[in-house]
Amino acid sequence: MTTEIDFEQLVRGIGDGVIVCDAAGAITFWNDAATRIFGFTAGDALGQSLDLIIPERQRQRHWDGYHKTAATGETRYGNDLLRVPALHKEGKPLSIAFTVAMLYDPAGQVASVIAVVRDDTARWSEERALKARVRELEAAARSEPVAS
């Protein structure tokens, strides 16, 4: 059974943010879920640099990895999630998790880099609270006298 799929409608309607950038890092596509996650509309984002959502302290590391990926066409984040801090339009910090894919031009060069993004802030906060609680319990266990 063959079914036609409207891939543009799929990408626009999917629950994860889909952000497409050209090889230089300018945003060329921004779906509604990216707007929900980051607060920027497509009109705000299109043509802008990814610096729009990258905390300043993370930018150099991001761009080093981005340009290496664009130049080599290779990334380990095609299957593995990358978890990083990000920024909302209102300036509040986010934690995001995403995978990366690439589109190639006819010459085989990377033409676009795609990120499929999920807001991971709640999970990150819960994990951080659990780690703090474990440290508290371990400290309490070390300070209790040993029963004989």
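Everything that follows concerns the structure shown earlier in this document.
Now for a description of the structure that goes with this document. (Residues numbered from 1 in each chain as written. Predicted model: local features only at pLDDT ≥ 70, side-chain atom pairs only at ≥ 80, totals over all residues. Heavy atoms only, no water.)

Considerations on the environment of A111
Item 1. Within the element layout of this structure, A111 appears in strand β5 (residues 110-119).
Item 2. Of the residues examined, A111 reaches a relative accessible area of 32% and is grouped as partly exposed.
Item 3. A C-alpha to C-alpha distance of 5.4 Å links A111 and A23, two positions 88 residues apart in sequence.
Item 4. Look past the residues within four positions of A111 in its chain and what remains in contact with it is C21, D22, A23, L103, Y104 and D105. (Helix = DSSP H or I, 4+ residues; strand = E, 2+ residues; numbered from the N terminus. Buried < 20%, exposed > 50% of the residue type's maximum accessible area, 1.4 Å probe, protein only. Contact = heavy atoms within 4.5 Å.)

So, the packing of aromatic side chains
Item 1. Counting across every chain of the model gives two aromatic pairs.
Item 2. Residues W30 and F38 carry aromatic rings whose centres are separated by 5.6 Å and whose planes lie at 45° to one another, so their mutual orientation is tilted.
Item 3. Exposure remark for W30: the relative accessible area of 3% places this residue in the buried category.
Item 4. By relative accessible area, F38 is classed as buried at 0%.
Item 5. When the ring of W63 is compared with that of Y66, the centres are 5.2 Å apart and the planes differ by 70°; the resulting orientation is edge-to-face. Linking W63 with Y66, this pair stays in helix α4 (residues 59-72), spanning three residues, or about one helical turn.
Item 6. Its relative accessible area of 7% is what places Y66 among the buried residues. (Phe/Tyr/Trp six-rings, centres within 6.5 Å; stacked < 30°, edge-to-face > 60°.)

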